[in-house]
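Close look at the chain arrangement
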Amino acid sequence: MADHNQNGPVSRRKFLIANGTVAGAALAGCLGDDENEENGGNGTGGGNGNDGGATGSDTETWEVGHGDYQTTVSEDDLPDELFVYAVQTGWSNWDAVMDAFEDEYGVTLHDDQRTSGEALSNIRANAGNQDYSAYNGFYPTGLQAWEDGFTTDYQPAGWDQVPADFKTDDNHVTATRQMTIAINYRQDVYEDRGVDEPETWEDLKQPEIAQDLALNVPGAGAGLNAMLSINHAYGGDLDNLDPLFEYLEEIGESGARHQRNLDRQFTAGEISTYAEFDFGGLSTKYNDDDIAEEDVGVVIPQAPGGGEGAVAAPYGYAMLDDAPNPEACKLFMDFVLSEDVQQMFFDGFVRPIRADELDAPDEFPPDEQYEAATFEIDQVELLEKQEDIVSEIIDRSPLPGVEA
């Protein structure tokens with residue numbers, strides 16, 4: 001998770017991300033009756049914030065769910081605080097989403113500073129006595145919770161807009177956003193070295209780049225997906241990692257290594273190039289006061305001859321079985337998939353799962369880069385093979401730092 005300095009002059013982009021209360025107030029005004037009418041009165045997760053539920057009392061209600069899962073949630077069903085794993089400030093623009101949710105419904109979202117893996121460990125440790133209502137985080141980790149029997153079914157409003165490959169057939173796990181592997185590079189350093197901006201993984205083999213190139217470790221989601229991107233770009237698949245190791249051997253000869261805390265090393269000038277999810281590089285470029293915006297380049301890498309070279313890794317959520325506050329959880333899940341909140345992810349440099357319906361901010365790499373380079377991995381297959389893949393990379397990577 002990136003740790004970026006949020007101080008200093010406030011740009012429009014920083015304002016959207018760092019001032020969720022203001023963004024939430026604006027959001028509350030647009031999640032009302034117009035959207036409710038467009039959806040036949042069924043709401044779109046947050047879409048009925050002003051519905052009011054004409055029950056003859058002052059109790060407010062909201063229609064939630066999709067299809068057979070449509071139901072009514074009353075404010076009487078809502079807790080003061082809702083616990084959802086890995087919904088946290090400083091990551092994926094959750095700051096703004098959390099503030100908007102509280103402004104809309106009066107419910108605080110607990111700031112849960114943990115990784116997806118830590119969330120799964122906690123789910124297992126507290127089986128049968130959960131304090132948390134939902135898992136949120138890396139999609140394959142959600143699939144592991146699903147496979148272990150810790151989740152339950154729910155179709156949030158907007159579920160029908162999520163691509164079929166990013167939701168389970170039994171309605172347990174649903175993707176809400178994607179992170180795409182990108183190459184982040186120091187434009188100022190490249191200019192000093194006389195190196196052209198990279199477009200493909202092949203470009204990184206140049207000694208002038210590889211000398212201080214870093215890849216995260218395979219135990220980190222960004223590190224694993226970067227290496228799976230390289231492997232795919234050079235003709236490998238989940239059963240054949242040889243192309244990856246041949247590539248690592250070549251860049252290792254010039255000094256490339258595995259390393260954590262890449263954003264800090266990058267802004268400090270200790271590395272000039274690293275592979276990370278697009279969110280990380282874009283956040284560094286536009287929100288980190290320790291480096292000038294014009295000194296950071298972010299590109300979605302293609303294969304050596306062009307084409308697929310960047311994994312689009314999904315993140316999502318699942319309601320937990322027999323967890324507390326299921327009605328509030330449904331409200332939260334609908335809220336996250338609503339168009340307005342999906343746009344809030346975009347505003348925080350996170351590509352939402354409904355991106356095709358929205359306009360990407362100008363700060364993102366051009367759509368043409370995503371279209372030319374992006375590919376998706378079968379997440380169920382990855383779930384089955386991920387442990388063995390990580391172990392093989394640790395055993396076979398020629399780069400130093402792989403076990404960090």
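Residues numbered from 1 in each chain as written. Predicted model: local features only at pLDDT ≥ 70, side-chain atom pairs only at ≥ 80, totals over all residues. Heavy atoms only, no water.

This paragraph deals with the nonpolar core. W94, W201, L228, L248, I251, F332 and I393 are the most contacted members of the largest nonpolar core, which totals 114 residues. With eight residues, the top contributor of residues to this core is helix α13 (residues 326-337). Non-local contacts of L248, meaning those with residues more than four positions away in its chain, are made with L215, M227, S397, P398 and L399. (Core = buried A, V, L, I, M, F, W, Y, C linked by side-chain atoms within 4.5 Å. Buried < 20%, exposed > 50% of the residue type's maximum accessible area, 1.4 Å probe, protein only. Helix = DSSP H or I, 4+ residues; strand = E, 2+ residues; numbered from the N terminus. Contact = heavy atoms within 4.5 Å.)

Here the focus is the pattern of salt bridges. Pairs can form between side chains of opposite charge once their charged atoms are near each other. In total, this model carries 13 salt bridges according to the counting rule given. Residue D188 pairs with R186 through a salt bridge whose shortest N-O separation is 2.9 Å. Residue classification places R186 among the buried positions, given a relative accessible area of 10%. Connected via shared salt-bridge partners are E202, K205 and E250. (Salt bridge = Lys/Arg side-chain N within 4 Å of Asp/Glu carboxyl O.)

For the rest of this paragraph, the subject is the layout of surface pockets. Put simply, the largest pocket is a space of about 1200 Å³. Taken together, 44 residues make up the lining of the largest pocket; nearest its centre are T115, G219, A220, G221 and A222. If you list the elements that add at least two residues to the lining of the largest pocket, you get α5 (116-125), β5 (134-138), α6 (139-147), α9 (221-233), α11 (262-267), β9 (273-277), α12 (278-287) and α16 (379-396). The element contributing the most residues to the lining of the largest pocket is α16, with five residues. Classifying every residue of the lining of the largest pocket gives 18 nonpolar, 17 polar and nine charged. One number sums up the size of the second largest pocket: a volume of about 410 Å³. Lining the second largest pocket are 21 residues, and of these Q178, R351, A355, D356 and E376 sit closest to its centre. When contributions to the lining of the second largest pocket are tallied by element, the ones reaching two or more residues are β6 (174-186), β12 (351-352) and α15 (367-373). By residue number, the principal contributor to the lining of the second largest pocket is α15, which donates three residues. Looking at the lining of the second largest pocket, its residues break down into 10 nonpolar, four polar and seven charged. (1 Å grid on protein atoms, 1.4 Å probe; cavity = no way out; pocket = protein on both sides within 12 Å on 5 of 7 lines; lining within 4 Å. Points joined across faces, edges and corners; volume = space filled by probe spheres on them. Nonpolar A, V, L, I, M, F, W, Y, C, P; charged D, E, K, R; others polar.)

Looking at the secondary structure, you find E308 in the loop between β10 (296-299) and β11 (310-319). Taking relative accessible area as the criterion, E308 reaches 40% and is therefore assigned partly exposed. Separated by 108 residues in sequence, E308 and T200 place their C-alpha atoms 9.9 Å apart. For E308, the contacting residues outside a window of four places in its chain are H232, A233, A303, A372, A373, T374 and F375. Engagement of the side chain of E308 in a polar contact is seen with the side chain of H232, the distance being 2.7 Å. (Polar contact = N/O pair within 3.5 Å; in protein donor to acceptor, adjacent residues only side chain to side chain.)

Time to look at the packing of helix α10 (residues 242-252) against α16. Relative orientation of the contacting elements α10 and α16 amounts to 30°, with a least axis distance of 11 Å. On the basis of their axis angle, the class for α10 and α16 is roughly parallel. In the packing of α10 onto α16, the handedness of the crossing is right-handed. Contact residues: D242, L244 and F245 in α10; E392, I393 and R396 in α16. For the contact of α10 with α16, the class distribution of residues is three nonpolar, no polar and three charged. (Axes fitted to C-alpha atoms, helices over the stretch in contact; angles between N-to-C directions. Parallel < 35°, antiparallel > 145°, perpendicular 65-115°, else oblique. Left-handed = near helix turned anticlockwise from the far one by under 90°.)

Unlike most non-glycine residues, N93 shows phi in positive territory, near 60°. Structurally, N93 is set in the loop between β3 (81-82) and α4 (94-105). Its identity as a non-glycine residue notwithstanding, N171 has a phi of 70°, on the positive side.

Quick reminder: α-helices carry 3.6 residues per turn. Residues three or four places apart thus point the same way. Helix length check: α4, at 12 residues, gives a terminal C-alpha distance of 16 Å against a target of 16 Å (1.5 Å per residue), a fit within 8%. Looking only at α4, the buried set comprises W94, A96, V97, M98, A100, F101, E104 and Y105. A positive phi of about 75° marks G106, the residue just after α4. (Expected span 1.5 Å × (residues − 1).)

With that settled, the discussion passes to the packing of aromatic side chains. Under the defined criterion, the tally for this structure stands at 22 aromatic pairs. Judged by centre distance (5.3 Å) and plane angle (90°), the ring pair of W94 and F345 falls under edge-to-face. Of the two residues, W94 sits in helix α4 while F345 sits in helix α14 (residues 339-347), which places them 251 residues apart along the sequence. Summarising the burial analysis for this pair, W94 and F345 share the class buried. Its end group placed over the ring of W159, K167 keeps NZ or CZ at 3.6 Å from the ring centre. (Phe/Tyr/Trp six-rings, centres within 6.5 Å; stacked < 30°, edge-to-face > 60°. Lys NZ or Arg CZ within 6 Å of the ring centre and 35° of its normal.)

Another aspect to go through is α10. Where α10 is concerned, the buried positions are P243, L244, F245, Y247, L248 and I251. Of the surrounding secondary structure, the elements contacted by the buried residues of α10 are α8 (207-210), β7 (213-215), α9 and α16.

This brings us to the pairing of strand β1 (residues 61-64). Note: β1 against strand β2 (residues 71-74), four bridges, orientation antiparallel. Looking at β2, one finds that E63 is bridged to T72. Here β1 hands over to β2 after six residues, with G65 in that stretch at a positive phi of 90°. (Pairing = 2+ DSSP bridges.)

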